[in-house]
Amino acid sequence: MASYNLKINGKTNKVDVDPSTPLLWVLRDSLNMVGTKFGCGMAQCGACTIHLDGNAVRSCVLPVSAIGKQDVTTIEGLSEKGEHPVQKAWLEHDVAQCGYCQTGQIMTATALLKKNPNPTDAEIDAAMSGNICRCGTYLRIKEAIKSVKQ
Amino acid sequence: MENTKSQSRRSFLKSSALAGGGIMLSFSWFSEAEAAEKTTKLNLPEQGAELTAYIKITPDNVVKILCPNPEFGQNVMTSLPMIVAEELDVDWKNVVVEMGPHDNVKLGPQFTGGSNSVRMYWKPLRNAGAAARQMLIEAAAQTWGVSANEITTKAGELSHSSGKSAKYGEMASKAATVPVPKDLKLKAPKDFSIVSYSKKNTEGVKLVTGKPLFGIDYKVEGMLVAMIQHPPAFGMKLKSFDTAQVLKMPGIKDVFSFKLYDEGFEQGGFDTRTFNEMIAIVGNSTWEVMNARKKLSVKWEPTGDTKDTLAGRGGGKREVVVPGRLETTSSQMELMAEYAKKPAQQLRKDGDPETAFKNAAQIIERTYNAPFLAHNTMEPMNFFAHVTPEKAIVAGPLQAPGWIEPTLSKILNLPADKIEIQMTRMGGGFGRRAYGQYVYEVARISQRLNAPVKLIYTREDDMTYGIYRPMYTATYRAALDANKNLIGFQVRGGGIPENPVHANRFPAGAVDNYLAEGWEIPSNITIGAFRAPRSNFNAAAEQSFLDEVAEAMGKDPIELRLELLKRAKENPVGKNNDYDASRYIGVLELLKEKSGWGKPENAAKKRGVAAYFCHNSYAGHVVDMVIRDGHPYVEQVTSAVDCGVVVNPDAARNMVQGAVIDGIGNAFYGALTHKEGAAEQTNFHNYRMIRHNEAPKKIDVHFVESEVDPTGLGEPPFPPVFGAVANALFKTTGKRYYNQPFVSVPQKSS
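## Examining the overall build of chain A
A tally of helices and strands in chain A yields six helices and five strands. Shown N-terminal to C-terminal, the secondary structure of chain A runs as helices and strands in the order β-β-α-β-β-β-α-α-α-α-α. Its C-alpha atoms give chain A a radius of gyration of 15 Å, near enough to 15 Å, the size a compact globule of 150 residues would have. Taken along the three principal axes of its C-alpha coordinates, chain A extends 45 × 30 × 25 Å. By the burial criterion, 62% of the 150 residues in chain A qualify as buried. Contacts spanning at least 24 positions in sequence make up 58% of the contacts within chain A whose residues lie at least 6 apart.

This is the structure in structure tokens:
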């Protein structure tokens, strides 16, 4: 066990966990922030995507000991009620079917749009191909991303 | 207005006043009980009980509607309440939706699957809404001293020609005292203002903000986390294990083996047994359990042949032998080829197929194969249980609580009324969550520890557990006479461990001489329903075969289908054809029109077409394919569907688009193979799923305009994708594709 002060969504959270614990399980089990999802545990599906200093990162393979002073943003940090432009675009396009992967999709899309506010289809493909949607909502995800006006 | 009659409406609805004013309306399931029984095999009461708190209207006009069926992405949390709201005639923005409790007596079958949710609840929910509306009218009539038939409603408001008006909320308490109406007036579809008009997902905001909704998010104070270690291969069982190292790990509470079913347990239809003895590792947090599990030392041994006791079809019980062999995909293929040559069970015969084939000028014979598929729901299997000697609370993602409860009751030795099943949103189902082993597992673990426990599967646990789409093969034969007329058709299908053949489906009914046969190979690899069971293979095989038959006959593939369907419509062969040829024709014609099939401007496109009937609906696709970087991709798809009335069109389009992408993904890449009994794919690094960059650029979805009661949508658009993809591959590459998965290239790593 070790103590960590994690800066998550602008607030400092103290957790006592094993240093090897992936951030995913710190968020879900220690901090009750369950918007970040478990899908594969090996950075293959993107359901657990969060931002680390603004970059989209798979939290299922990110040990808590590697975070240090970096800023963590989770889906809960985008907005309380879905007012973030990317969340609004998701609602406008009614993207979700089962919805399980969508928080990870939104986090990847948000990181993309921050760096590249007007991505081409090919750039969206490249950024989003790490996030699996088993229900097959990819077309709506793309439409939603393209509709976001930063 | 249409009048509906029902001989059994006596106790159709019950109502009661809410404590703070307003009405709580309860409606009976029983008028639809017969239909529901046919669909789900649940024992429903002859006389229905009320649906408590199904509709609530508060004095401030909030309308709360419970959703009876669990949500797994098919949009029932939106579309089912829309049906109630339509007949109730309320403003959709005042509607609040909640998931209902598990109560098959009061809420009906509550079964998510078989493309049944909207189909099964369409009439009961319309009746509920209409009855409530008529009671509100009656309350207003009494209050105002006017005749009820002079009162009209609109968007939650009652009004009378005298100028009197009131919101529903004002009349709700009085309405609760009004006798339940005997004759219900339902709206004509042309008067709908909610149904057939797109509404956003009622859980949309919760989904995009990451609120706890799914089973895996479920948590109670003091809850422990459990994982299971199942045998590494089908046909292996636990020999011995050493817990010493695991128990030393931080946060670990207990490690023990447990049995899913007791010796001789009579399994119900959804009690598939993959592994009967497993090891549970239980601790304080997920990572601690995952981490400690790596220290587990286990020895496994072959099971040999085992016996299962299954509930008999139509009463009694039967014993089956589960073979112990450790299966490998190449030997499975050899075994299937061997069985395919043996005599098989005749499933249907029309005319004289033997003579037709003997006299044929040309015989076309093709064999199609498809592998096991894992469901791979994005949310791995998980469930919560808190079992005490007095009662059990279980909660999580589950498609069919009514099928799980009886087994849970037997396993825990608790009466059903001491078992509470809560249904969370599911992170996908596709059939997998109709099978409840994970519920039994966590219940066993919780009972032993007398503590609240959440069981979580890792992706590897999930993918290697079985309950797969079966492995299938089918040989199709067509006999053509000298004038290239189709005079005979034969399908012989088999699989591990079930045969896929739907003997009464098209082209049965359209060919004079027809033969359908099936065979099965028993296996220890467990199977389960997978989005459009059997159809998902048949449509691939049959629809590719018809493409080749059309080519041999020198006919356009859509025209050949239309000719055969015309025959089936006007002068059908046989009596048990289970499709409606007119609706099938309607879908093909819509597809032809919307895709511009055969139009000069599309001449250069590499297109494949397929259409199929299953789960009471009709769907077809035209797939346009291209080669990029040396690999085939589906560029664009045009889809046509006849599922009767479409309740929530935008969500329905989403569902069809998703089915198309799911179909392309499984046709191109999906496969679960075995080596010495072990699944060779264990996670998404080697089980290839279709990804964002591999999806078509455009999928245009068109629905046949219809006033037919809804006939289901979750499954029907899925099977024909496989056939359309195979046929487009032929146009693109010049090669016919008979074996799934069609494409096998390394995927890009993320």
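## Brief notes about the domain arrangement of chain B
Domain boundaries assigned for chain B yield domain 1 (2–200), domain 2 (215–307 + 381–456) and domain 3 (471–733). Taken together, the residues of the side of domain 1 of chain B that touches domain 2 of chain B break down into six nonpolar, six polar and one charged.

## A few points about the packing of helix α2 (residues 76–88) of chain B against helix α4 (residues 117–144) of chain B
Residue and element names in this part refer to chain B. The geometry of α2 relative to α4 is characterised by a closest axis approach of 6 Å and an angle of 35° between their N-to-C directions. Considering how the two elements wind past one another, α2 and α4 form a crossing that is right-handed. Facing α2, whose interface residues are Val 76, Ser 79, Leu 80, Ile 83, Val 84, Ala 85, Glu 86, Glu 87 and Leu 88, α4 presents Ser 117, Val 118, Tyr 121, Trp 122, Leu 125, Arg 126, Ala 128, Gly 129, Ala 130, Ala 132 and Arg 133. In the contact of α2 with α4, the residues fall into 13 nonpolar, three polar and four charged.

## Some thoughts on α4 of chain B
Residues and elements named next belong to chain B. Taking 1.5 Å per residue as the helical rise, α4 with its 28 residues ought to reach 40 Å, and the 40 Å between its terminal C-alpha atoms agrees with that figure. With 22 of 28 residues buried, α4 lies mostly within the body of the structure. Downstream of α4 by a residue or two, Gly 145 has a phi angle that is positive, lying close to 65°.

## Some points on the confidence of the model for chain B
Predicted coordinates in areas of low pLDDT are best not read in detail. Residues and elements named next belong to chain B. When pLDDT is averaged across chain B, the result is 91; 92% of the residues are at 70 or more. Considering only residues more than four positions removed or in separate chains, one finds that residues 1–12, a stretch of pLDDT under 50, has 22 contacts. Here the predicted complex carries an ipTM of 0.99, next to a pTM of 0.94.

## Comments concerning the domain arrangement of chain A
Residue and element names in this part refer to chain A. The domain boundaries assigned to chain A delineate domain 1 (2–75) and domain 2 (85–147). For domain 1 versus domain 2, the separation of C-alpha centres amounts to 21 Å. With 15 residues of domain 1 at the interface, the matching set in domain 2 holds 12 residues. The set of elements that each furnish at least two residues to the side of domain 1 that touches domain 2 consists of β3 (49–52) and β4 (55–58). For the side of domain 1 that touches domain 2, the element with the most residues is β3, which contributes three residues. For the side of domain 1 that touches domain 2, a count of residues per class yields six nonpolar, eight polar and one charged.

## Some remarks on the nonpolar core
Membership of the largest hydrophobic core comes to 267 residues, with the highest contact counts inside it found for Ala 226, Ile 281, Val 442, Ala 443 and Val 725 of chain B. When residues of this core are assigned to their parent elements, the largest contribution, 14 residues, is made by α4 of chain B.

## Here we look at the sheet that holds β4 of chain A
Residues and elements named next belong to chain A. The strand order across the open sheet built from five strands is β2-β1-β5-β3-β4, with neighbouring strands paired in mixed fashion. The sheet terminates laterally at β2 (11–17) and β4, the two strands that pair on one side only. Going from strand to strand, the sheet's axes swing by 45° on average, the running direction of each strand aside. Where strand β1 (residues 2–8) and β2 come together, seven bridges link them in antiparallel fashion. Opposite Tyr 4, over in β2, you have Val 15 as the bridge partner. Contacts from helix α1 (residues 23–30) reach β2, β3 and β5 (71–73) within the one sheet, and its direction differs from that of β2 by about 100°. Strands β3 and β4 of the sheet are contacted by helix α4 (residues 102–115), whose axis makes an angle of about 35° with β3.

## Considering the pairing of strand β21 (residues 382–387) of chain B
Residues and elements named next belong to chain B. Extensive coverage of β21 is indicated by the burial of six of its six residues. By the alternation rule, side chains of β21 split into Asn 382, Phe 384 and His 386 and Phe 383, Ala 385 and Val 387, which are all buried. Note that β21 and strand β24 (residues 452–456) share five bridges and pair antiparallel. Note that in β24 the partner of Phe 384 across the bridge is Lys 454.

## Thoughts on the environment of Ile 228 of chain B
All names here are of chain B. By the element assignment, Ile 228 lies in strand β11 (residues 224–229). Once the C-alpha coordinates of Ile 228 and Ala 280 are considered, the two residues, 52 residues apart in sequence, prove to be 4.6 Å apart. Residues in contact with Ile 228, not counting those within four places in the same chain, are Met 278, Ile 279, Ala 280, Glu 441, Leu 455 and Asp 461.

## Some remarks on the interface of chain A and chain B
Reports often express the size of an interface as the amount of accessible area lost when the parts come together. Residue-level contacts link 52 residues of chain A with 47 residues of chain B. Classifying every residue of the side of chain A that touches chain B gives 23 nonpolar, 20 polar and nine charged.

## A few points about helix α5 (residues 121–128) of chain A
Taken together, the buried positions of α5 of chain A are Ile 124, Ala 127 and Met 128 of chain A. Along the long axis of α5 of chain A, the arc covered by the buried residues comes to 85°, so they all point the same way.

## Some thoughts on the packing of helix α15 (residues 557–570) of chain B against helix α16 (residues 581–595) of chain B
All names here are of chain B. Interhelical geometry of α15 versus α16 gives an angle of 160° and a closest axis separation of 9 Å. Classed by the angle they form, the pair α15 and α16 counts as roughly antiparallel. Here α15 runs over α16; the crossing is left-handed. Of the residues in α16, those touching α15 at Ile 558, Arg 561, Leu 562, Leu 565, Ala 568 and Lys 569 are Ala 581, Ser 582, Tyr 584, Ile 585, Leu 588 and Lys 592. Considered class by class, the residues forming the contact of α15 with α16 number eight nonpolar, one polar and three charged.

## Comments concerning the sheet that holds strand β27 (residues 513–520) of chain B
All names here are of chain B. Taken in spatial order, the five strands line up as β19-β27-β26-β25-β20 in an open sheet, and their pairing is mixed. The two strands at the open ends of the sheet, each matched to only one other strand, are β19 (345–350) and β20 (362–370). On average, each strand axis in the sheet is tilted by 10° relative to the strand beside it, whichever way the strands run. Pairing between strand β26 (residues 486–496) and β27: eight bridges, direction parallel. Paired with Val 491 across the bridge in β27 is Ala 516. Docked against the sheet, helix α9 (residues 329–341) engages β25 (471–480), β26 and β27, running at close to 140° with respect to β26. Across the face of the sheet, helix α14 (residues 535–553) comes into contact with β20, β25 and β26 while running at roughly 155° to β20.

## Topic: unusual backbone geometry
All names here are of chain B. In this structure, the amide linkage connecting Ile 496 to the following residue, Pro 497, adopts the cis form with an omega of -5°. Its location among the elements puts Pro 497 in the loop between β26 and β27. Positive phi values are uncommon outside glycine, yet Asn 450 reaches one of about 50°. With respect to the helices and strands, the residue Asn 450 is situated in the loop between α12 (437–449) and β24. For Ile 467, which is not glycine, the phi torsion reads 60° and is therefore positive.

Calculation criteria
Residues numbered from 1 in each chain as written. Chains lettered and ligands numbered in written order. Predicted model: local features only at pLDDT ≥ 70, side-chain atom pairs only at ≥ 80, totals over all residues. Helix = DSSP H or I, 4+ residues; strand = E, 2+ residues; numbered from the N terminus. Rg over C-alpha atoms; globule rule 2.2 N^0.38 Å. Buried ≥ 20, exposed ≤ 12 C-beta atoms within 10 Å, placed from the backbone. Contact = placed C-beta atoms within 7 Å. Domains from an automatic or database assignment. Nonpolar A, V, L, I, M, F, W, Y, C, P; charged D, E, K, R; others polar. Axes fitted to C-alpha atoms, helices over the stretch in contact; angles between N-to-C directions. Left-handed = near helix turned anticlockwise from the far one by under 90°. Expected span 1.5 Å × (residues − 1). pLDDT = per-residue confidence, 0-100. Core = buried A, V, L, I, M, F, W, Y, C linked by C-beta atoms within 7 Å. Pairing = 2+ DSSP bridges. Arc of directions from axis to C-beta. Parallel < 35°, antiparallel > 145°, perpendicular 65-115°, else oblique.

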